[in-house]
Amino acid sequence: MALSVLTVVLDLRNRGGVPAAAELDSGWAAVLSGLAQTLPGVLLLHRLPRHPIAWLLTLSGLVWIVDGFASSWAAYAIYTSPGLPGASAAYWFYSRFGAVLLLGLPLLILLFPDGRLVTARWWRRLSVVSLALTALLPALLVAVPMSVMIRYHDAALPPEITRLAVDPFSVDLPYEVWEPLLRIAYLAVIASLLVPFAVTVHRYRIASRERRAQIRWLMWAALVDMVLLFVPLENPPAVPAILFGTAIALTSAAIVGAVAKHRLYAIDRLLPATFLYGLLAVLVVAVDLAVFALAGGVLSERGAALAAIAVVAVVYAPLRSRLWHAVRRLARGSREDPYSTMSTLAERLESAADPDEQLRAVARTLAEAFRLPYVRVEIERSSGGRAVVAHGTESGPTIALPVRYRGESVGRLVLCPGDGTALSDRDQRLLGDLVRQAAAAARASELSAELQQGRSRLVAAREEERRRIRRDLHDSLGPGLGAVALRIETARNLASSAPEQADEMLEHATAEVAAALADVRRLVHDLRPPALDELGLVRAIEQQAERFRLGGLQVQVDASPLGALPAGVEVAAYRIASEALTNVARHAAASRCDIALRLTDGPALELTVQDDGIGIAEEMTAGVGMLSLRERAAELGGVCSVSSPAGGGTVVRVQLPLDAVPELVHV
């Protein structure tokens, strides 16, 4: 800071007294660039004291400040107050050693962001060669004599400069030797720009999500620097120096933020915005120049200026809007236009032929909208299976988000962020809306397919049941009753002549009638358990539970007043409870089972069967028993869920809507 203040004071003293031929620039510009590096470097050193980038920023800034001071002191000691000590040393440092500043930017880029050269062998060697070529010019300028430099640049220096002792380390070689070396050294400086750029591109291609975000900060700084340094500017000459210092300050700030990882993913919004406004600035200048060129010959200078202002005012707003949407869409996908994204998804869902095709449409739309390299959609089927559809290639860590439909988890969404594009709150809301629409569409399509399958199964079951009843009536009950009728007729004929044989015939007829009655009871039981009509649903389940209690399983049945229930609901609840009890006894290794029945709002009958057994493993597929439970519930428009709580055991929870059954009688 002391050198910076002293440099500014010296520049004020030197004002107007230094000839242009001396090539001694005002030192405050170099000091400004040095402070733009030193202050961020010190801040980074405070947080990461061992990081090479922090030391490189700080030391580079200090060299800039010393270089600026050397220029101002040389001008002061040579022209403003001749005879002061240090003039030769200051001029030598500024004109010769100051070329070491060329190493700062290439070295910074090659070491960014972790402070190490790239690990790939070929790229590492190329980086070292590039740094060596960049260091060639500063090394030559330290050793080349002043006379060689004057001849090489064909520029005569003032006598006050030529009298200085500026060759303390010069090597006396012929000009024919120095000239090709200097040409090679100046051309090699180009390598300091091209190779670091290529290395940065290579780093970005192989980088992780976080590392790519860091490199994008450096890209943003480069973009701003291009806007600041390549816009044509007129006098005063101080303006380019200020813009140059500003560019260095922004670059240093971006490097500090990237290395310290402070608000790292804010770059996802900052980079496209900077590109947009930089492009707009260039276009506005181009429009101004075009209007001035066209209208300058017809209108006065003021008229041409007013015309340019009017054209820019009319063109700027729509141009800005269109470019903004185009840039954002290019950088962040179609998420910037939620309506378009939702419309695209709706169109694709509408044209999809089956549930799996719909899931593929969802995965594709999400990948395009959020620029994601990989999307996987997993939806649980009501039949117990899982539909899995993926889009893209998995290339890094993934994020899993639940997919919910009507408050129930129906699957999950797996995303691979890829290049590290962060999801804002607005993006997450859009993602949630898309997933809900997708879940609703997939579930609706699945339910439609299941409904058609259910109808087919119902028709098939009905016809199969009719065939079974017909077969039983024809093959069992019919022949039995025919035989009974024949025996009774025979007994009547023998009653008067052979009463003992008639009595025997009637005895056989009685046995056959009893067998026929047993067949009738079996048919009736298959159609509807008699216990439901004789005892009611709760006591029928109690009776069923008693059979399992004899096997050592403690079964507790708890029911609230149910009143009259539809026959279909009673049969389904009874069958589900019986099947669940059977599963507990066979597979759960449980000692206790609780059954609860209650009416809920809706209205619906809720049946819960919970045991304290070993539970169900996640990788286990649903068996015939589980599928039977779900199918019986689905036949009445109900829902059946089977889960294993963290405390152990298995819970079967079924809800059977009452208003979906036409014969419902409310009591």
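Parameters and conventions
Residues numbered from 1 in each chain as written. Predicted model: local features only at pLDDT ≥ 70, side-chain atom pairs only at ≥ 80, totals over all residues. Heavy atoms only, no water. Helix = DSSP H or I, 4+ residues; strand = E, 2+ residues; numbered from the N terminus. Buried < 20%, exposed > 50% of the residue type's maximum accessible area, 1.4 Å probe, protein only. Contact = heavy atoms within 4.5 Å. Phe/Tyr/Trp six-rings, centres within 6.5 Å; stacked < 30°, edge-to-face > 60°. Pairing = 2+ DSSP bridges. Axes fitted to C-alpha atoms, helices over the stretch in contact; angles between N-to-C directions. Patch = residues over 30% accessible without salt bridge, like charges linked within 9 Å, V, L, I, M, F, W, Y side chains within 5 Å. Areas by Shrake-Rupley, 256 points an atom, 1.4 Å probe, with all protein chains shown as cover. Salt bridge = Lys/Arg side-chain N within 4 Å of Asp/Glu carboxyl O. Lys, Arg positive; Asp, Glu negative; His and termini not counted. Charge placed at Lys NZ, Arg CZ, Asp CG, Glu CD. Core = buried A, V, L, I, M, F, W, Y, C linked by side-chain atoms within 4.5 Å.

Chemist: I tried to follow the overall build of the chain on my own but got confused; where do I start?
Modeler: A count of helices and strands for the chain gives 22 helices and nine strands. Considering the chain as a whole, with its 667 residues, one finds that 40% of them fall into the buried category. Summarising the internal contacts of the chain: among those between residues at least 6 apart in sequence, 69% fall at separations of at least 24.

Chemist: Just to check I follow, could you spell out the packing of aromatic side chains for this structure?
Modeler: For any two aromatic rings, the description comes down to two numbers: the centre-to-centre distance and the angle of the planes. Tallied over the entire structure, the rule returns eight aromatic pairs. Considering the side-chain rings of F69 and W73, the 6.4 Å spacing of their centres and the 20° angle between planes classify their relative orientation as stacked. Residue F69 and its partner W73 are both found in helix α3 (residues 52-80); the two are separated by four residues, about one turn of the helix. Take W73: its relative accessible area is 22%, and that puts it in the partly exposed class. On the numbers, 5.8 Å between centres and 80° between planes, the contact of W217 with W220 is edge-to-face. Of the two residues, W217 and W220 both sit in helix α11 (residues 209-230), three residues apart, roughly one turn of that helix.

Chemist: Explanation requested: the sheet that holds strand β7 (residues 604-611) in the structure shown.
Modeler: Whether parallel or antiparallel, the strands of a sheet pair through hydrogen bonds between backbone atoms. Taken together, the five strands give an open sheet; going across it, the order is β5-β6-β7-β9-β8, and neighbouring strands pair in mixed fashion. A single partner strand is all that each edge strand has here, and the edge strands are β5 (554-559) and β8 (639-643). The average angle at which neighbouring strand axes cross in this sheet is 10°, direction not considered. Sheet strands in contact with helix α20 (residues 537-549) are β5, β6 (592-600) and β7, and its direction is about 170° off that of β5. On top of the sheet, helix α21 (residues 567-588) reaches β5, β6, β7 and β9 (651-657); it is set at about 10° to β7, its chief contact.

Chemist: Which parts of the structure should I look at to understand a negative patch on the surface?
Modeler: A surface patch of like charges, here negative, comprises E500, D503, E504 and E507. Structurally, E504 can be placed in helix α18 (residues 499-527).

Chemist: Can you walk me through the nonpolar core in this structure?
Modeler: In a soluble, globular protein the nonpolar side chains are often hidden away together inside. By size, the foremost hydrophobic cluster in this structure holds 39 residues, and its most contacted members are L537, I595, L597 and L605. Mapped onto this core, the elements with two or more residues apiece are α19 (530-535), α20, β5, α21, β6, β7, α22 (624-635) and β9. No other element matches the eleven residues that α21 contributes to this core. Once you skip the residues sitting within four places of it in the chain, I595 turns out to touch I541, V555, Q556, V557, D558, L581, L607, T608 and V609.

Chemist: It is not clear to me how the pattern of salt bridges should be interpreted in this structure. Could you clarify?
Modeler: Where charged atoms from two side chains of opposite charge approach closely, those side chains can pair. Summed over the entire model, instances satisfying the criterion amount to ten salt bridges. R183 is the salt-bridge partner of E179, the closest N and O atoms lying 2.1 Å from each other. Pair noted here: E179 and R183 are both in helix α9 (residues 175-188), with a separation of four residues, about one helical turn. Residue R592 pairs with D594 through a salt bridge whose shortest N-O separation is 3.1 Å. By relative accessible area, R592 is classed as partly exposed at 34%. Where salt bridges share partners, they join D114, R116, R203 and R211 into one cluster.

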